[in-house]
Amino acid sequence: MTHYEGELRVSSTMRFAIIASRWNPKITDVLLDGARVALTIHGVHPAQVDVVRVAGAWEIAQACEMLALSGRYAALMALGCVIRGDTRHFEHVADQCAHGLMQVSLRHNLPIANGVLAVECHADAAARAGGSHGNKGEEVALVAIEMADLATRLASDEFSP
């Protein structure tokens, strides 16, 4: 039985993009910083990373679609924060954002790491943006690197299903 798994390995030809919401900036800016640091620590030069800022989580999937169409990226990272309020708006935004990201990923065969937090309150978000639950921006960056490596391996001549 052959085993395939992505590694935290980056080539100098790989490009990455981070799509980050400006909504809830006290959270999203920390997620973005965490992603940037993790990418750098794992060998991704800052020149290999593009950052695209959008208004809110609703706009992230559309920006990912535009970037996917360019064919320039090994993986994308989506960062945002949706906090439950008193209306159903939370469900619409969080669910449709995740659904849109998956559609773009599958349509373009492009890894998209979902770091859009969908939380009950600001404290939950803070716990995931450098607090007691770590920094989901860092985790998303690691997923993007691993999936980009796996995609490269599975697309290579070495892989013959």
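For the structure, check the block above.
Residues numbered from 1 in each chain as written. Predicted model: local features only at pLDDT ≥ 70, side-chain atom pairs only at ≥ 80, totals over all residues. Heavy atoms only, no water.

Enquirer: Which residues make up the overall build of the protein chain, and what are the values?
Expert: A tally of helices and strands in the protein chain yields five helices and six strands. Seen in sequence order, the protein chain has helices and strands lined up from the N terminus as β-α-β-α-β-α-β-α-β-β-α. Relative to its length of 161 residues, the protein chain is compact, with a C-alpha radius of gyration of 16 Å against a globular reference of 15 Å. Viewed in the frame of its principal axes, the protein chain has a C-alpha envelope of about 55 × 35 × 30 Å. By the burial criterion, 42% of the 161 residues in the protein chain qualify as buried. The long-range share in the protein chain, meaning contacts at least 24 apart out of those at least 6 apart in sequence, stands at 80%. Put simply, the protein chain shows about 8800 Å² of open surface, and 55% of that area lies on carbon and sulfur atoms. The positive charge centre, built from 13 side chains, and the negative charge centre, built from 18, are 5 Å apart in the protein chain. (Helix = DSSP H or I, 4+ residues; strand = E, 2+ residues; numbered from the N terminus. Rg over C-alpha atoms; globule rule 2.2 N^0.38 Å. Buried < 20%, exposed > 50% of the residue type's maximum accessible area, 1.4 Å probe, protein only. Contact = heavy atoms within 4.5 Å. Areas by Shrake-Rupley, 256 points an atom, 1.4 Å probe, with all protein chains shown as cover. Lys, Arg positive; Asp, Glu negative; His and termini not counted. Charge placed at Lys NZ, Arg CZ, Asp CG, Glu CD.)

Enquirer: Please set out the side chain of Gln48 residue by residue, giving values where relevant.
Expert: Assignment of secondary structure puts Gln48 in the loop between helix H1 (25-41) and strand E2 (49-54). At 2.7 Å, the side chain of Gln48 and the backbone oxygen of Met14 are in polar contact. Excluding residues that lie within four positions of it along the chain, Gln48 makes contacts with Val10, Ser11, Ser12, Thr13, Met14, Arg15, Phe16 and Gly43. (Polar contact = N/O pair within 3.5 Å; in protein donor to acceptor, adjacent residues only side chain to side chain.)

Enquirer: Account for the environment of Ser21, naming residues and giving values.
Expert: Along the chain, Ser21 turns up in strand E1 (residues 16-21). Ser21 sits in the buried class, given a relative accessible area of 0%. Considered as a pair, Ser21 and Val52 are 31 residues apart in the sequence and their alpha carbons are 8.6 Å apart. In this structure, Ser21 is in contact with Thr28, Arg53, Val54, Ala55, Gly56, Ala57, Ile60, Leu79 and Gly80, ignoring residues within four places of it in sequence.

Enquirer: Outline the packing of helix H2 (residues 60-70) against helix H3 (residues 89-108), listing residues and values.
Expert: One way to put it is that H2 packs onto H3 with a least axis distance of 8 Å and a crossing angle of 10 degrees. Here H2 is positioned roughly parallel relative to H3, judged by the angle of their axes. Mapping the contact onto sequence places Ile60, Ala61, Cys64, Glu65, Ala68 and Leu69 in H2 and Cys97, Gly100, Leu101, Val104, Arg107 and His108 in H3. Counted by class, the contact of H2 with H3 contains eight nonpolar, two polar and two charged residues. (Axes fitted to C-alpha atoms, helices over the stretch in contact; angles between N-to-C directions. Parallel < 35°, antiparallel > 145°, perpendicular 65-115°, else oblique. Nonpolar A, V, L, I, M, F, W, Y, C, P; charged D, E, K, R; others polar.)

Enquirer: With reference to specific residues and values, describe unusual backbone geometry.
Expert: One non-glycine residue with positive phi stands out, namely Asn24, at about 55 degrees. As for its position among the elements, Asn24 is in the loop between E1 and H1. The phi torsion at Asn109 lies on the positive side, around 50 degrees, for a residue other than glycine. Residue position: Asn109 is located in the loop between H3 and strand E4 (112-119).

Enquirer: A description of H3 should follow, citing residues and the corresponding values.
Expert: The end-to-end C-alpha distance of H3, which contains 20 residues, comes to 28 Å, matching closely the 28 Å that a straight helix rising 1.5 Å per residue would cover. When we look at burial in H3, the residues that qualify are Phe90, Val93, Ala94, Cys97, Gly100, Leu101, Val104 and Ser105. All buried residues of H3 fall inside an arc of 135 degrees around its axis, so they share one side. Lining the buried residues of H3 we find H2, strand E3 (75-83) and E4. Asn109, located one to two residues past H3, shows a positive phi value of around 50 degrees. (Expected span 1.5 Å × (residues − 1). Arc of directions from axis to C-beta.)

In short, the description is geometric, and any link to function would need to be established separately.
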